[in-house]
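# Report on the structure
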Amino acid sequence: MANKRIYLCLAHMSEAGTEQKYIKEAFDTNWVVPLGPNVIGFEEDLRQFVVKDAQDTMIPALEDKQVVALSSGTAAVHLSLIACGVQPGDEVIVQSFTFCASSHPVTYLGATPVFVDSEPDTWNMDPQLLEEAIKDRIEKTGGKPKAIVLVYLYGMPAKINEIMAVASKYEIPLIEDAAEGLGSRYKGQVCGTFGNYGILSFNGNKMITTSGGGALICPDKNAWQKVMWLATQAREAYPYYQHEAIGYNYRLSNICAGIGRGQMTVLDDHIKHHRHVAALYREAFADVDGISFHDECDDMESNFWLSTIILDEKLHVRGEESVYAETVKGAVGGAAGVVHLGGTVHTDCEPNRNVEAMRVALDSLGIEARPLWKPMHKQPIYKNAPAYVNGVSESLFKVGLCLPSGPCVTDEDVVFIVDSIKGLIV
């Protein structure tokens with residue numbers, strides 16, 4: 001293991017190299033553009049995946065779902081908000097415990113995110129706190145939020161029935177951010193198909209990848225047509241370019257869609273493997289004092305995109321006395337692009353010393369681990385945004401750690417990871 005680095009979650013190509021077949025076809029037929037046979041085929045493959053259990057769930061509306069393949073999951077969030085009628089000055093309720101792509105598109109539109117905290121079972125949006133937030137926004141502003149963005153954190157299904165009941169009661173559209181939850185299910189129904197719109201992501205670290213990319217699950221053909229129109233620069237039917245609305249260049253390329261078509265052939269295998277890795281972690285940590293594995297609840301079937309653990313604050317880890325000694329000099333966890341150097345060692349909300357010590361020690365052993373998402377209501381950029389909190393996401397952020405979980409993680413890797421973690425406890 002000394003010369004091998006175990007990454008958190010990396011894409012894995014199909015054994016048959018099906019991706020290369022579709023890519024070759026795109027080049028051979030000169031479909032090297034953001035449309036073409038692979039895009040259409042990928043959308044249909046995704047549609048079949050999300051509706052294939054429609055008869056089993058006895059929900060006829062599932063069969064009406066349509067899918068638009070896009071350049072990113074963030075683009076999908078953006079277009080879903082537009083489709084829900086979000087405009088400048090509006091408010092949108094967003095789960096606080098998430099990645100910034102769930103909330104940033106709200107600000108793209110000149111609207112304001114209203115953050116709602118999580119419940120401790122699934123770590124996803126608290127239904128009771130959601131209703132409290134809606135009531136308070138109506139009282140304070142005289143109007144209700146335009147949409148609700150629910151997130152399936154690390155692939156874990158939310159308490160969707162309760163969330164749907166609140167959304168329905170106040171007649172507010174529900175957007176399911178299933179970027180991390182492709183293949184997760186609640187009572188057999190695929191996450192991302194319960195609400196008005198569902199978000200999917202095919203970033204290089206997701207369940208399947210198109211190298212980048214995403215998709216939007218639409219409720220029906222009419223909604224699909226509007227989203228498709230917006231995603232292709234919102235052109236009018238003239239023999240020249242006529243624009244009467246702002247559109248976007250958000251379609252997925254035919255090359256990337258070819259990768260996606262190949263990846264669809266291994267999606268079920270990937271889900272099975274992630275769940276297998278989770279089972280190994282669950283069993284391995286069952287008798288370890290001070291460490292608990294975050295598991296699924298009744299009627300929920302998580303894809304376990306990432307397996308996560310909690311380190312009790314009283315648990316001591318080798319080297320914790322020396323962490324946070326100096327500012328981080330670069331991107332942690334292989335983050336792409338450019339980062340600003342941190343101005344200070346500490347922020348007002350950060351992982352406990354034992355969690356950071358565990359992350360640093362594992363990194364030195366070639367094991368990539370990361371803290372949980374920092375809650376959006378604790379991000380400086382959103383310091384003035386309304387937030388309805390109960391302390392759950394902040395407390396989890398301080399004690400949680402994500403472990404390697406992808407299709408490249410072997411049983412032997414899990415043994416090495418668990419043994420390493422146990423060996424670092426003092």
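This section reports on the structure supplied with the text.

Rules used in this analysis
- Residues numbered from 1 in each chain as written.
- Predicted model: local features only at pLDDT ≥ 70, side-chain atom pairs only at ≥ 80, totals over all residues.
- Heavy atoms only, no water.
- Pairing = 2+ DSSP bridges.
- Helix = DSSP H or I, 4+ residues; strand = E, 2+ residues; numbered from the N terminus.
- Contact = heavy atoms within 4.5 Å.
- Axes fitted to C-alpha atoms, helices over the stretch in contact; angles between N-to-C directions.
- Core = buried A, V, L, I, M, F, W, Y, C linked by side-chain atoms within 4.5 Å.
- Buried < 20%, exposed > 50% of the residue type's maximum accessible area, 1.4 Å probe, protein only.
- Salt bridge = Lys/Arg side-chain N within 4 Å of Asp/Glu carboxyl O.

Ordered in space as 1-9-8-5-4-2-3-14, the eight strands form an open sheet in which the pairing is mixed. The open sheet has two edge strands with one neighbour each: strand 1 (66-70) and strand 14 (387-388). As paired strands, strand 2 (residues 91-95) and strand 3 (residues 112-116) are joined by five bridges and run parallel to one another. Looking at strand 3, one finds that Ile93 is bridged to Val114. Sitting on the sheet, helix 4 (residues 73-83) is in contact with strand 1, strand 2, strand 4 (147-151), strand 5 (174-177), strand 8 (197-201) and strand 9 (214-218), with an inclination near 165° to strand 8. Contacts from helix 8 (residues 221-231) reach strand 1, strand 8 and strand 9, with the element oriented near 15° to strand 1.

Take the nonpolar core next. Here is a general trend for soluble globular proteins: nonpolar side chains tend to be buried in one another's company. Counting residues in each nonpolar core, the largest one holds 61 residues, and the members touching the most others are Phe42, Ile93 and Ile148. With near-sequence residues (within four places) excluded, Phe42 lies in contact with Ala69, Phe202, Ile208, Thr210, Leu252, Ala257, Gly260, Arg261 and Met264. Counting residues in each nonpolar core, the second largest holds 34 residues, with Ala83, Ile199, Cys218 and Tyr250 among its members.

Pairs can form between side chains of opposite charge once their charged atoms are near each other. All chains considered together, the criterion is met by 18 salt bridges. The salt bridge partner of Lys4 is Asp413, with a shortest N-O separation of 2.8 Å. In this pair, Lys4 is assigned in the segment before helix 1 (18-28) and Asp413 in helix 13 (residues 411-424), connecting sequence segments 409 residues apart. For Glu356, the salt bridge goes to Arg359, with nearest N and O atoms at 2.8 Å. Pair noted here: Glu356 and Arg359 are both in helix 11 (residues 353-364), with a separation of three residues, about one helical turn. Relative accessible area serves as the criterion here: at 11%, Glu356 is assigned to the buried category. If you follow the salt bridges from partner to partner, you end up with Glu119, Asp121 and Lys159 in one network.

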